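# Structural overview for review
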Amino acid sequence: MQSIKAVRGTLCLAVQQLIQYLAAFIFYVGVARFITQAEVGLWSILAASTAVFTTLTLFGLPVATQKYVSENYGRGDLGSAASISRLSFRIVALSTLPALTVVLLLSPSLSTFILGGAEYTVPFILILSASAILNFTALYGADMLGLGMYLEVAIQNLAFILISKAAGLALAYVGYGLHGLASGWLIGALFCLILSIYLMRRKLPKPSKQIRQLSGTIFRYSYPVWILAIITLAQGWADITILYALTGRAAVTGIYYLASAGATLLAIFWIAISMVILPLMSSEEARIGRQAVPNIYNASSRLLNILILPIGASLAAISPTAITIAYGQTYIEGSFPFALLTATAILPAYVSINTSTLQAIAETKVLAKIGAASAIIDIALVAVLVKPFEANGAALART
């Protein structure tokens, strides 16, 4: 029964990822035509800013929530699952709201420092406000995954993606540029929060445990996850931020950003699989024991090999044509980064499922150590290769 549910969940989330990346592709095609290359570069820095805010204020709690909600759900103890959920929401509210207040007060100075001008204060405020709202939708999504509500998670994610991108593109098309894209993000985040509250209504009973009974367990699990998330953040955005910092050329950053965004198309498969195996492994380990984990992992890795390797190689072979069709001839410089990132896509795919597996069996400290070593190497390579090779050097370092 659990395996059938996992297959359905993977299929559901895979369809969600397919629609999500199709929407993202349309969004980036529109962005390449509705705003300048320099504005695309600045949008990538805004996206990095949201990632920083979200990572620092979530404390790794969505992963912890997902694990312990699914674990208690596997035991049939929904009262404890509700207690975990409430604790996570309380902590995130205490971190997110004060942080957002400080950011809003300092926004003119921060936008000048990060984006190079006070004229970007409004989009900076809009995008960070959206990030604060999405912190809470992330916790609702973790609850849904923990309870096996895969369809609801797909609906939640698609609501944000489709509304935010459609609204942002429409506003950019009529001339609002970065302001329009950021406004679209805020509109999508607000709708997603309202929808999440509706989808989770009456799904969990009243909490059965005191907060202080759970705090130690949650923090022991989540703090290595948080450290890993910070490391992953640095690693994931090092190429774009260092490229922008060292070259000072927003247009080059914009070209690379769209090329790398196009290369993430293959993440459709491994994100769906990773999202499913974490709660599935946690639930099955609680129900059967550790021996259930290897079978789930082996099936997932075989599926990745079948899907990622041939598609990645095919996309790499036609990279100049793909870039020209998607973004136009002016973005042809992005063909080499696109080819390199698609050809090596199997590497982040395995990183993703290995991370989910170690999180499921609570080996989060090991993840933090591995991630730290990897991030140091990655950042050093980006810093060395970007100056002589610009966008191509960023792609080489990322692989």
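### Points about the overall build of the protein chain
Across its full length, the protein chain carries 15 helices and 0 strands. For 399 residues, the compact-globule formula gives about 21 Å, and the C-alpha radius of gyration of the protein chain, at 21 Å, lands near that figure. Put simply, the protein chain has 399 residues, and 55% of those count as buried. For the protein chain, restricting intrachain contacts to residue pairs at least 6 apart in sequence, the fraction spanning at least 24 positions comes to 83%. By element, 69% of the accessible surface of the protein chain is carried by carbon and sulfur atoms, the whole surface being about 17,100 Å². Once the 23 positive and 13 negative side-chain charges of the protein chain are each reduced to a mean point, those two points are 11 Å apart.

### A few points about the side chain of Thr121
Take Thr121: it is sitting in helix α5 (residues 121–146). Within the structure, Thr121 has its side chain in polar contact with the backbone oxygen of Ala118 (distance 2.7 Å). Ignoring sequence-local partners within four residues, the contact set of Thr121 consists of Ser107, Pro108 and Ser111.

### Regarding the pattern of salt bridges
By the definition in use, this model includes 4 salt bridges. Notably, a salt bridge pairs Arg75 with Glu71, separated by 3.4 Å at the nearest N-O pair. With a gap of 4 residues between them, Arg75 and Glu71 both fall in helix α3 (residues 61–75), about one helical turn apart. Take Arg75: its relative accessible area is 52%, and that puts it in the exposed class. We note a salt bridge from Arg249 to Glu390, for which the minimum N-O separation is 2.9 Å. In this pair, Arg249 sits in the loop between α7 (211–247) and α8 (250–263) while Glu390 sits in the loop between α14 (364–389) and α15 (391–398), placing the two residues 141 residues apart along the sequence. What makes Arg249 partly exposed here is its relative accessible area of 41%. Residue classification places Glu390 among the partly exposed positions, given a relative accessible area of 26%. Beyond isolated ion pairs, a larger network of salt bridges with shared partners links Lys67, Glu71 and Arg75.

### Here's the deal with the nonpolar core
Core analysis: the biggest nonpolar cluster contains 122 residues, and Leu13 and Trp43 have the highest contact counts within it. By residue number, the principal contributor to this core is helix α6 (residues 150–199), which donates 17 residues. Contact partners of Trp43, with chain neighbours within four places excluded, come to Phe27, Ile127, Leu178, Leu181, Ala182, Trp185 and Tyr257.

### Things to note about the packing of α14 against α15
One can describe the packing of α14 onto α15 by two numbers: an axis separation of 7 Å at closest approach and a directional angle of 155°. Judged by the inter-axis angle, α14 sits roughly antiparallel to α15. Where α14 crosses over α15, the handedness of that crossing is right-handed. Seen from α14, the contacting residues are Asp378, Leu381, Val382, Leu385, Val386 and Phe389; seen from α15, they are Ala391, Asn392, Gly393, Ala394, Leu396, Ala397 and Arg398.

### Some details on unusual backbone geometry
One non-glycine residue, Phe59, lies in the positive phi region at around 60°. Topologically, Phe59 is positioned in the loop between α2 (37–58) and α3. For Phe59, a relative accessible area of 24% gives the class partly exposed. Unlike most non-glycine residues, Arg202 shows phi in positive territory, near 60°. Within the fold, Arg202 resides in the loop between α6 and α7. In this structure Arg202 comes out as exposed when scored by relative accessible area, which is 74%.

### So, the packing of aromatic side chains
If you walk through the whole model with that rule in mind, you get 11 aromatic pairs. On the basis of an interplanar angle of 45° and a centroid distance of 5.6 Å, the ring pair of Phe27 and Trp185 is categorised as tilted. Of the two residues, Phe27 sits in helix α1 (residues 2–34) while Trp185 sits in helix α6, which places them 158 residues apart along the sequence. For the pair Tyr28 and Tyr257, a centre-to-centre distance of 5.8 Å together with 85° between the ring planes defines the contact as edge-to-face. Placement of the pair is Tyr28 in helix α1 and Tyr257 in helix α8, with a sequence separation of 229 residues. Residue Tyr257 is classed as buried on the basis of its relative accessible area, which comes to 8%. An aromatic cluster is present here, built from Phe27, Tyr28, Trp43, Phe160, Trp185 and Tyr257 joined pairwise through their rings. A cation over a ring is seen here: Lys67 above Tyr68, with NZ or CZ 5.5 Å from the ring centre. Sitting over the ring of Phe27, Lys165 keeps its end group 4.4 Å from the ring centre.

### Digging into the packing of α2 against α6
Between two packed helices, the angle of one axis relative to the other and the distance separating the axes together describe the packing. For the pair α2 and α6, interaxial distance at closest approach is 10 Å and the crossing angle is 35°. In terms of crossing hand, the pair formed by α2 and α6 is right-handed. Facing α2, whose interface residues are Glu39, Leu42 and Trp43, α6 presents Leu178, Leu181, Ala182 and Trp185. Residue classes in the contact of α2 with α6 are distributed as 6 nonpolar, no polar and 1 charged.

### What about the environment of Leu367?
When you line up the elements, Leu367 lands in helix α14. Taking the C-alpha atoms as reference points, Leu367 and Ser356, separated by 11 residues in sequence, lie 10.0 Å from one another. Filtering out sequence-adjacent residues up to four positions away, Leu367 remains in contact with Leu228, Thr355, Leu358 and Gln359.

Parameters and conventions
- Residues numbered from 1 in each chain as written.
- Predicted model: local features only at pLDDT ≥ 70, side-chain atom pairs only at ≥ 80, totals over all residues.
- Heavy atoms only, no water.
- Helix = DSSP H or I, 4+ residues; strand = E, 2+ residues; numbered from the N terminus.
- Rg over C-alpha atoms; globule rule 2.2 N^0.38 Å.
- Buried < 20%, exposed > 50% of the residue type's maximum accessible area, 1.4 Å probe, protein only.
- Contact = heavy atoms within 4.5 Å.
- Areas by Shrake-Rupley, 256 points an atom, 1.4 Å probe, with all protein chains shown as cover.
- Lys, Arg positive; Asp, Glu negative; His and termini not counted.
- Charge placed at Lys NZ, Arg CZ, Asp CG, Glu CD.
- Polar contact = N/O pair within 3.5 Å; in protein donor to acceptor, adjacent residues only side chain to side chain.
- Salt bridge = Lys/Arg side-chain N within 4 Å of Asp/Glu carboxyl O.
- Core = buried A, V, L, I, M, F, W, Y, C linked by side-chain atoms within 4.5 Å.
- Axes fitted to C-alpha atoms, helices over the stretch in contact; angles between N-to-C directions.
- Parallel < 35°, antiparallel > 145°, perpendicular 65-115°, else oblique.
- Left-handed = near helix turned anticlockwise from the far one by under 90°.
- Phe/Tyr/Trp six-rings, centres within 6.5 Å; stacked < 30°, edge-to-face > 60°.
- Lys NZ or Arg CZ within 6 Å of the ring centre and 35° of its normal.
- Nonpolar A, V, L, I, M, F, W, Y, C, P; charged D, E, K, R; others polar.

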